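# Observations on the model geometry
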Amino acid sequence: MKTSNALVLILVLLSINASTEWPTHTVCKEDNLEIHYKSCDPQQDFAFSIDRCSDVATHTFNIRAAMVLRHSIKELYIKVDLIIGGKTVLSYSDTLCEPGHSQLIFCGKKKGEHLYYEGPVTLGIKEIPQGEYTVSARLTNEDHVTVACADFTVKNYLDYY
């Protein structure tokens with residue numbers, strides 16, 4: 001009896017671990033703009049929010065992001081893909097942290113530390129594209145290990161004119 005209970009427990013734990021899929025979170029939802037995200041890192045979810053959905057239509061808006069680091073950040077790289085209809089139509093990559101040149105306050109954080117950012121983010125574009133699309137963002141460290149990863153689904157029908 002004890003053996004069968006242990007076997008059932010092991011199977012349950014394995015099936016939970018094998019089927020981990022993070023929920024889709026709503027960043028904002030207004031009449032003409034919806035933004036949702038889902039972590040694409042199978043081992044970790046994170047928190048992300050925007051103060052006001054309508055602020056996204058401006059050049060700069062305030063965000064909050066939080067997570068516990070599973071990997072240290074000596075160097076940090078970002079890769080962002082714009083995906084429309086299942087096809088990547090635009091890619092962007094940049095170095096955010098490197099020795100002697102760090103753009104972010106959390107560069108140098110160690111594994112296990114809490115990462116929290118609250119403040120402004122400026123997009124390098126005047127307006128976000130209209131329509132429905134996915135923005136996939138991946139942060140990797142110097143060991144090419146994923147620090148954070150998310151797929152943002154955007155439904156934008158704002159009229160800019």
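For clarity, every value in this text was computed on a predicted model and none was experimentally measured.

### Quick word on the packing of aromatic side chains
A full pass over the atoms with the stated rule returns 4 aromatic pairs. Ring centres 5.5 Å apart and planes at 75° place the aromatic pair phenylalanine 48 and phenylalanine 152 in the edge-to-face group. Of the two residues, phenylalanine 48 is situated in strand β3 (residues 47-50) and phenylalanine 152 in strand β10 (residues 146-156); the sequence distance between them amounts to 104 residues. The exposure class of phenylalanine 48 is buried, given its relative accessible area of 19%. By way of ring pairs, the aromatic residues Tyr37, Phe46, Phe48 and Phe152 are connected into one cluster.

### A short note on the nonpolar core
In globular proteins that are soluble, nonpolar side chains generally tend to be buried together. Residues Leu33, Ile35, Phe48 and Ile73 are the most contacted members of the largest nonpolar core, which totals 31 residues. At the level of secondary structure, the elements contributing two or more residues to this core comprise β1 (25-29), β2 (33-39), β3, β4 (60-68), β5 (76-84), β6 (87-98) and β10. The element that contributes the greatest number of residues to this core is β10, accounting for 5 residues. Filtering out sequence-adjacent residues up to four positions away, phenylalanine 48 remains in contact with Val27, Tyr37, Ile63, Arg64, Ala65 and Phe152.

### A word on the sheet that holds β2
If you trace the 7 strands from one edge of the open sheet to the other, you get β1-β2-β10-β9-β5-β6-β7, paired in antiparallel fashion. The sheet is open, and its two edges are formed by β1 and β7 (101-102), each paired on a single side. In terms of strand pairing, β2 meets β10 through 7 bridges, oriented antiparallel. Within the sheet, the bridge partner assigned to serine 39 lies in β10 and is alanine 150.

### Focus: the sheet that holds β3
Read from one edge of the open sheet, 3 strands run β3-β4-β8, paired in antiparallel fashion. For this open sheet the edge positions go to β3 and β8 (114-122), each flanked by a neighbour on one side alone. With direction set aside, neighbouring strand axes in the sheet form an average angle of 15°.

Cut-offs applied
Counting starts from 1 at the beginning of each chain's written sequence and moves along it residue by residue. Predicted model: local features are reported for residues with pLDDT of at least 70 only, side-chain atom pairs are reported and counted for 80 or more only, and whole-chain, interface and lining totals are derived from all residues. Calculation of side-chain values draws on the structure's entire complement of heavy atoms; hydrogens and water are dropped beforehand. Pairing of aromatic rings covers Phe, Tyr and Trp, the last through its six-membered ring, and needs centres within 6.5 Å; plane angles under 30 degrees mean stacked, over 60 mean edge-to-face, and all others mean tilted. Numbering of helices and strands runs from the N terminus; a helix is a DSSP stretch of H or I covering at least four residues, while a strand is a stretch of E covering at least two. Accessibility here uses a 1.4 Å probe with only protein chains present; expressed as a share of the type maximum, an area under 20% marks a residue as buried, one over 50% as exposed, and anything in between as partly exposed. Joining through side-chain atoms within 4.5 Å is the link that ties buried Ala, Val, Leu, Ile, Met, Phe, Trp, Tyr and Cys residues into a set, and such a set is a nonpolar core. Working rule for contacts: check all heavy atoms of both residues, and any pair within 4.5 Å makes them a contact. Strand pairing is assigned whenever DSSP detects at least two bridges linking the two strands. In this analysis, axes come from line fits to C-alpha atoms, helices being fitted only over the stretch in contact, and the angle between any two N-to-C directions falls in the range 0 to 180 degrees.

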